[in-house]
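# A closer look at the structure
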Amino acid sequence: MIPIVAIIVVALVAVVLFVVLRKPALPAVEEDETPQLRKPPAKPAGAPAERPKPRDDKREEKKEKDEERRPPPPARDREPSERKLPSPPRKAGEPEEIEAEPPESVEVAMPPTPPPARRKKDVPGLRKGLKKMRDEGGLFGRLKQLFVGKKEIDPKLADEIEEILITSDVGAKTTEMLLADIKEGLAKKELEDSDKVWSTLRRRAKELLDLPGGGALRDQGKPTVVLMVGVNGTGKTTTIGKLATKLSEQGKKVLLVAGDTFRAAAVQQLQAWGKRTGCEVFAGKEGADPASVVFDAIAHAAESKHDVVLCDTAGRLHTKSNLMEELKKVHRTAQKALEGAPHETLLVVDGTTGQNAVAQAQEFGEALTLSGIVLTKLDGTAKGGVVLAIAAEHKIPVRYVGVGERPQDLRDFDADEFVEALLGQNDDAARAA
């Protein structure tokens, strides 16, 4: 029995071994390993080698020509070896080569237009011209004496200031405007020392004088026509000569018009200023109609490209209605000669005439549209308060003030400069302004 079982076991083992040995072995492949492609079978030894394909010369020439015609790729698409390397440093004396082409449109940033230069303030110089007003008997000197040696402010101080202002040609109405804040501050005991009272007075004076349109003439076209009016003896012709000097120094081409045909000396005086300043003078016949002279002068100025036309007129009392009507005619004629003319109508007032100057501003302002005041001869008066009265009561801006005989003594008006020169308490404050 045992031999039979042994034979059967040996037979089964032999069958299993035969099956295993007959099965082809597969290569082991890991889970994350990609199987390799099988290589093509090797050619048997002695097999003939493959012949190369014949070259097509025509096709190759066509391919080379196409490559030559093809444009080069952009710089960013080129190979690093094809990109242009930076040029070597230029030797001394060797001209620089510029190969870059300018872009099609280049926007150049224009610098901003600088603001017009403001005139430098000259408080000490103006203070010299206002010397009489700053002396002991003048407006400033009398006001300053009220505060000398006083530690405490008396409530009656406002009444004393009021008296000085009224007697200095400031006028009752303007004085009330100046003192309103001071009286209120004294009543509330807010102005406990003299410095606060003084600063309040200066602040109110500047507010009354600082009107729109003050100061020097503005360009209002070519030509800019300026009509000078006023009563006899205020200094119209002299003011025209000084103003022509200032404008000529600024490079302006100025025409002087002798519109005062009733006074022969006025024409001669204007001609003397013309020689001194190098400005042309337009004069009609003696006794000619002033309106016709102004009309012809404006037409001539427009044709000859003048920048500014300064028209003199005969002095006339503001109380004479017939003379004021004639002045209105001159004004209308200027409008006919040039649209918008006269661009400026300046009333020349003598600062020594006091409250009469306020009446002149009233009458001339009703007859014409005044654009400003020229206050002359302020160096010859200790009062001078009329400048405050005209500005406060009639709202007419001050354009120029005359404080001497020289052309440079006709000064562009600046409210801050004028108040500091008139009411500044010491020279150090003036220099710091």
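Now for a description of the structure that goes with this document.

The rules we used
Residues numbered from 1 in each chain as written. Predicted model: local features only at pLDDT ≥ 70, side-chain atom pairs only at ≥ 80, totals over all residues. Heavy atoms only, no water. Axes fitted to C-alpha atoms, helices over the stretch in contact; angles between N-to-C directions. Helix = DSSP H or I, 4+ residues; strand = E, 2+ residues; numbered from the N terminus. Parallel < 35°, antiparallel > 145°, perpendicular 65-115°, else oblique. Contact = heavy atoms within 4.5 Å. Nonpolar A, V, L, I, M, F, W, Y, C, P; charged D, E, K, R; others polar. Buried < 20%, exposed > 50% of the residue type's maximum accessible area, 1.4 Å probe, protein only. Lys, Arg positive; Asp, Glu negative; His and termini not counted. Salt bridge = Lys/Arg side-chain N within 4 Å of Asp/Glu carboxyl O. Left-handed = near helix turned anticlockwise from the far one by under 90°. 1 Å grid on protein atoms, 1.4 Å probe; cavity = no way out; pocket = protein on both sides within 12 Å on 5 of 7 lines; lining within 4 Å. Points joined across faces, edges and corners; volume = space filled by probe spheres on them. Pairing = 2+ DSSP bridges. Right-handed = clockwise from strand over helix to strand, strands pointing away.

The next subject is the packing of helix α7 (residues 172-187) against helix α14 (residues 386-394). Viewed as axis vectors pointing N to C, α7 and α14 meet at an angle of 85 degrees, and their least axial separation amounts to 9 Å. The orientation of α7 relative to α14 falls into the category roughly perpendicular. Across the interface between the two elements, Lys173, Thr174, Met177 and Leu178 of α7 pack against Leu388, Ala389, Ala392 and Glu393 of α14. Here the contact of α7 with α14 is built from residues that sort into 5 nonpolar, 1 polar and 2 charged.

With that settled, the discussion passes to the side chain of aspartate 169. Relative to the helices and strands, aspartate 169 is located in the loop between α6 (157-167) and α7. Among buried charged residues, aspartate 169 stands out as having no salt bridge; its nearest opposite-charge side chain is lysine 383, 4.4 Å away. Residue contacts for aspartate 169: discarding those within four places in its chain leaves Gly354, Gln355, Lys383, Gly385, Val386 and Ala389.

Relative orientation and spacing of two packed helices are given, respectively, by the angle between their axes and the distance between those axes. The geometry of helix α8 (residues 194-209) relative to helix α15 (residues 415-423) is characterised by a closest axis approach of 9 Å and an angle of 145 degrees between their N-to-C directions. At the point where α8 passes α15, the crossing takes the right-handed sense. Mapping the contact onto sequence places Trp198, Arg202, Ala205, Lys206 and Leu209 in α8 and Ala415, Asp416, Phe418, Val419, Glu420 and Leu423 in α15. Split into classes, the residues belonging to the contact of α8 with α15 amount to 7 nonpolar, no polar and 4 charged.

Empty pockets left among the atoms are what a rolling probe the size of a water molecule brings to light. All told, the structure shown has 2 cavities of 30 Å³ or more when counted by the stated rule. Estimated volume of the largest cavity: approximately 80 Å³. Contributions of two or more residues to the lining of the largest cavity are made by α5 (139-145), α8 and α15. A total of 4 residues in the lining of the largest cavity trace back to one element, the largest contributor, which is α15. Looking at the lining of the largest cavity, its residues break down into 12 nonpolar, no polar and no charged.

For the rest of this paragraph, the subject is the pairing of strand β3 (residues 280-283). For strand β2 (residues 254-258) and β3, the ladder comprises 4 bridges, and the chain directions are parallel. Looking at β3, one finds that leucine 255 is bridged to glutamate 280. Taken together, β2, helix α10 (residues 264-277) and β3 constitute a β-α-β crossover, and its handedness is right-handed.

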